[in-house]
Amino acid sequence: MLRSWPQDVAAIKYKFHSVPAISHHHQTYKDFEMHGFQGFCSWVLLCCCCWISQAEIFTSIGQMTDLVFTEKELVQSLREYIKAEESKLAAVKSWANKLDSLTKISTSDPEGFLAHPVNAYKLMKRLNTEWSELESLVLQNPSDGFISNITAHRQYFPDEEDETGAAKALMRLQDTYQLDSEAFAQGKLPGTHSDALLTVDDCFGMGKTAYNDGDYYHSVLWMQQALRQLDAGEEAEVTKSDILDYLSYSVYQMGDLPRAIELTRRLVAIDPSHQRAGGNLRYFEVLLSKQINEQKQEFEPATEQPIQLGTYTRPKDHLPEREAYEALCRGEGVQMNEARRSRLFCRYQDGHRNPQLLLRPLMEEDEWDSPRIVRYIHFLSDQEMDRIKELAKPRLARATVRDPKTGILTTAQYRVSKSAWLEAEEDPIIARVNQRIQDVTGLTVETAELLQVANYGVGGQYEPHYDFSRKDEPDAFKRLGTGNRVATMLNYMSDVVAGGATVFPDFGASIKPRKGTSVFWYNLFRSGEGDYRTRHAACPVLVGSKWVSNKWIHERGQEFRRPCGLTEVD
């Protein structure tokens, strides 16, 4: 994959010289020209890239687990190849050692050696038979088995989109949970500490992903971390001049001219012949001089101190409640106080004397008072959750959202997960879960959507959204013919080590996943008007694998189960 270097701003602005976009030397085909089998295997992998499918594997942890076992199988296959190569090499070495001793004797006195008839016969035999056998041995290729194995698995490997998606997921986690790059690089995440470390080259790759996406804010953070680790003595393939090249231009894009000048000077000092550094440095200095003259302010040269998280402000994006949403994901800004807590209770729920629940009512806990959100404890058993996951896993596909302008379902960066839909007829457990939802809520599920199962991937999330259709998208559920989504039942089918909460930015609620429990709320008032307070989000999963299932209950069939109120907001 060819990637362009950081721009030569001097060439762009002053036309000093034209610099074509070239590939980073660490990304070119020459990187694959390694020694021996490593180079050959890399070449094979490179050739296979042309038929990789767009798998979007990174969007589901559940499906990614298969890759762990695939990699284990490939490692075993690789070890078998190494063993075969070593056995072959040992046989060739044995031949070489034997013949080396023999030829030393024969060449010291050829006529005397061949005067003995046995020596003459054995020379004829070796050259006619044994050397041919040795040739056949050398021509044997023990790598055939390994190449066949890796070729068979290659179609299921992640592609560039997966790698980019996973990198952006780390940046999303970094932003949401306010983690610096050093914490990530050292594996220090809230609730866990592991040996999952990021090397200099990993950090450089993260920064380059951000750079190629025009995301200079994250490019600065990760290039700075790569530089920090390199300066600390860590070995790497990437050079310091490469890092400084990206970092200086990204800092310039963030509007920090003094630091861009300082970094470019460091680049010039270690690589005076760099094709862009000199021109960029002159351009930055001209810009800074102009800025000082216009603003009539003192210039303070930047120091070589590392850039920290918070040095630059993260650019605003499309989401108006971004700060409130991310604060709730971190457990900050939750609007729970003593007065509200005093109005929350727990009880046994029998579904208004529903026969199915009389002998075994469900435990119901109030999560929020207005709008009312309740949680049902032990709603799903381990057996039920395992079966639902088993049914869903082969069918998981990238979760979609409905485009409000076209009404067409499409994927979106703000929803990172995979989902599958399960029908009641497929398995008795699905029918049983549907019936239980109907029993406890008192709402019919005959007009509800199928049970949707979702598994969140690396940094999996679903940014703030409404479950119901608004007035500007009246045809969202038209084809179903069952009206709007009146209520949501959200089933948590796994615990999550860190992150993954369901948050409601409008009123400051945060609900943590608890395996086997289900959360229920109404999306519509009794009048049929949407309750805009129910805009909610699934926070990015920081550590763990999050499985949920949703049951969206629709209006049709609820006329006598949930009659209209007297006012619009009843």
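Residues numbered from 1 in each chain as written. Predicted model: local features only at pLDDT ≥ 70, side-chain atom pairs only at ≥ 80, totals over all residues. Heavy atoms only, no water.

As annotated in an unreviewed UniProt entry, the protein chain is procollagen-proline 4-dioxygenase from Knipowitschia caucasica. Quoted straight from UniProt, the Cofactor (unreviewed entry) entry for the protein chain says "L-ascorbate". Per its UniProt entry, the protein chain bears the Sequence similarities (unreviewed entry) comment "Belongs to the P4HA family." (UniProt positions renumbered as here; feature names shortened; annotations may be inferred.)

A. Quick look at the overall build of the protein chain. Regarding its fold elements, the protein chain presents 18 helices and 18 strands. Counting every position in the protein chain, which comprises 570 residues, the buried fraction comes to 47%. Taking contacts inside the protein chain between residues at least 6 apart in sequence as the whole, the part at least 24 apart equals 73%. When the accessible surface of the protein chain is summed, it comes to about 30200 Å², and 53% of that surface belongs to carbon and sulfur atoms. (Helix = DSSP H or I, 4+ residues; strand = E, 2+ residues; numbered from the N terminus. Buried < 20%, exposed > 50% of the residue type's maximum accessible area, 1.4 Å probe, protein only. Contact = heavy atoms within 4.5 Å. Areas by Shrake-Rupley, 256 points an atom, 1.4 Å probe, with all protein chains shown as cover.)

B. Main features of the pattern of salt bridges. Overall, the coordinates contain 35 salt bridges when judged by the stated rule. Its salt-bridge partner being R314, residue E326 comes within 2.6 Å of it at the nearest N-O pair. Residue E326 is found in helix α14 (residues 322–329), and its partner R314 is found in the loop between α13 (277–295) and α14; the two are separated by 12 residues along the sequence. A relative accessible area of 4% means that E326 is categorised as buried. Given a relative accessible area of 27%, R314 falls into the partly exposed group. As a salt-bridge pair, E364 and R347 come within 2.5 Å of each other at their nearest N and O atoms. (Salt bridge = Lys/Arg side-chain N within 4 Å of Asp/Glu carboxyl O.)

C. Representation of helix α6 (residues 144–154) within the structure. Among all positions of α6, only F146, I147, N149, I150, H153 and R154 are buried. Along α6, the residues classed as buried sweep out an arc of 160° about the axis, all on the same side. (Arc of directions from axis to C-beta.)

D. Molecular detail of the pairing of strand β10 (residues 451–465). Within β10, 15 of the 15 residues are buried, which leaves it mostly tucked inside the rest of the structure. Both β10 and strand β16 (residues 536–538) contribute to a ladder of two bridges, which runs antiparallel. Its bridge partner lying in β16, H465 is registered against H536. (Pairing = 2+ DSSP bridges.)

E. Summary view of the UniProt feature "repeat: TPR" (unreviewed entry) in the protein chain. Under the local residue numbering, the UniProt record ascribes the feature "repeat: TPR" (unreviewed entry) to residues 241–274. What you have in residues 241–274 is 79% helix and 0% strand, and the ends, taken at the C-alpha atoms, are 9 Å apart.

F. Main features of the pairing of strand β4 (residues 362–368). Among the seven residues of β4, five are classified as buried, and the element is accordingly described as predominantly covered. Two elements, strand β3 (residues 346–349) and β4, share four bridges in a ladder whose sense is antiparallel. When the sheet's bridge partners are listed, Y348 is paired in β4 with M363. For β4 and strand β5 (residues 373–377), the ladder comprises five bridges, and the chain directions are antiparallel.

G. Representation of the state of the cysteines. If you walk through the whole model with that rule in mind, you get one disulfide. The partner cysteine of C329 in its disulfide is C539, sulfur to sulfur 2.0 Å. Measuring handedness by torsion sign, the sulfur bridge of C329 and C539 sits at about -85° and is left-handed. A residue pair is termed long-range when its members are at least 10 positions apart, and C329 in helix α14 and C539 in the loop between β16 and β17 (541–543) qualify at 210 residues. Assigned by exposure class, C329 and C539 land together as buried. (Disulfide = S-S within 2.5 Å.)

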